[in-house]
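Reading the structure
Here's the letter readout for the chains.
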Amino acid sequence: MFGSHLSIAGGLHKALLEAEKLGMETVQIFTKNQQQWAARPLEPTAIELWRGHCKRLDFSRTVSHDSYLVNLASPDESLWRRSLDAFADELSRCASLGIPYLVSHPGAHMGSGEEAGLRRVAKALDLVHQRVPPDHVMTCLEITAGQGTSLGYRLEHLAGIMELVADPKRLGICLDTAHLFAAGYDFRGRKYAAFMKDVDRIVGIRHVRVLHLNDSRKELGSRVDRHDHIGKGRIGLDGFKGFVRDKAFANVPKILETPKEKAPDGRDWDEVNLEALRSLQ
């Protein structure tokens with residue numbers, strides 16, 4: 001089940017039409033401008049178009065990514081409250097659109113320390129969950145590269161948040177290959193089996209609901225988040241075999257977040273990257 005993060009310029013449903021054109025089985029979007037806090041309510045027509053095309057295309061496992069402005073780990077009370085409100089709105093928008101997965105970075109502790117930051121995230125999620133009914137939307141905590149004071153660069157961070165929240169059933173995990181690699185996890189070749197044993201032991205493979213398949217421009221353990229095209233970075237094409245062939249992930253959305261540009265042959269890089277991933281099946 002392959003897809004990509006696609007633009008919603010001109011309407012949310014335009015991402016679905018682009019996914020259809022590129023031969024994808026799913027898609028990831030922002031449900032609003034991710035560089036702005038405020039967002040106008042979704043228009044009934046926009047919801048109808050999105051849901052209609054999803055039904056037509058049989059896209060039942062679509063994904064949204066929350067705004068990068070949101071920081072549920074912030075020690076600043078004003079920013080934390082603003083992030084909480086924005087995240088609650090993100091969940092509500094997904095519910096209206098029938099998007100089952102909302103991917104979110106755990107946030108940055110901004111000097112308050114990792115333990116305090118993780119507890120702050122869990123508290124925020126509990127408050128959001130009290131305000132927003134489940135509505136079949138799952139928050140998927142994403143592994144991060146670990147730049148600056150960002151949390152989530154260890155699987156243990158994600159497991160810790162799941163243990164702290166009152167309703168862990170509302171949480172899942174998103175594994176991003178570029179972030180994992182930058183954070184120091186090596187899953188290439190024969191190392192994949194041992195890596196997956198760690199994933200299962202720490203967070204549980206059953207909780208992995210979304211995969212982001214991206215190559216990395218930076219080396220293993222660099223703690224720097226820089227995505228590259230499949231097979232063109234430090235991970236290399238063979239490094240994706242494990243994720244693509246793993247039966248545990250057969251029905252898990254596999255989303256590209258690679259640069260949007262034209263390949264040397266004139267095709268969209270999304271098309272080229274999808275072709276590369278499917279060649280590994």
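Up top you'll find the structure we're talking about.
Throughout what follows, the structure given in this document is the object of discussion. Fair warning: this is a prediction, and the values are worked out from it, not measured in the lab.

1. A look at helix H5 (residues 155-164)
Of all 10 residues that make up H5, seven are buried, and the element is covered over most of its length. Within H5 the residues assigned to the buried category are Leu155, His157, Leu158, Ala159, Gly160, Ile161 and Met162.

2. What about unusual backbone geometry?
The phi dihedral of Asp135 falls on the positive side, at around 50 degrees, and the residue is not glycine. Within the element layout of this structure, Asp135 appears in the loop between helix H4 (114-131) and strand E5 (138-142). A residue is classified by how much of its surface remains accessible, and Asp135, at 43% relative accessible area, is partly exposed. Of note, the phi angle at Arg223 is positive, near 60 degrees, even though the residue is not glycine. Among the structural elements, Arg223 can be located in the loop between strand E8 (215-216) and strand E9 (227-228). By relative accessible area, which is 31% here, Arg223 ends up partly exposed.

3. Re the packing of aromatic side chains
By the definition in use, this model includes eight aromatic pairs. Residues Tyr185 and Phe195 carry aromatic rings whose centres are separated by 6.0 Å and whose planes lie at 65 degrees to one another, so their mutual orientation is edge-to-face. Of the two residues, Tyr185 is situated in the loop between helix H6 (177-183) and helix H7 (191-202) and Phe195 in helix H7; the sequence distance between them amounts to 10 residues. Taking the relative accessible area as the measure of exposure, Tyr185 reaches 9% and is therefore buried. Relative accessible area serves as the criterion here: at 4%, Phe195 is assigned to the buried category. Their ring planes at 65 degrees and their centres at 6.2 Å tell us that Phe195 and Phe243 sit as a pair that is edge-to-face. Remark: Phe243 occurs in helix H8 (residues 241-245) and Phe195 occurs in helix H7; sequence separation between them is 48 residues. You can call Phe243 buried: its relative accessible area is 0%. Every member of this aromatic cluster is reached through a ring pair, and the members are Phe181, Tyr185, Phe187, Tyr192, Phe195, Phe243 and Phe249. Above the face of the Trp80 ring, Arg120 is positioned so that its terminal group lies 4.1 Å from the ring centre. Note that Arg223 overlies the ring of Tyr153, its terminal NZ or CZ placed 4.0 Å from the centroid.

What counts and what doesn't
- Residues numbered from 1 in each chain as written.
- Predicted model: local features only at pLDDT ≥ 70, side-chain atom pairs only at ≥ 80, totals over all residues.
- Heavy atoms only, no water.
- Buried < 20%, exposed > 50% of the residue type's maximum accessible area, 1.4 Å probe, protein only.
- Helix = DSSP H or I, 4+ residues; strand = E, 2+ residues; numbered from the N terminus.
- Phe/Tyr/Trp six-rings, centres within 6.5 Å; stacked < 30°, edge-to-face > 60°.
- Lys NZ or Arg CZ within 6 Å of the ring centre and 35° of its normal.

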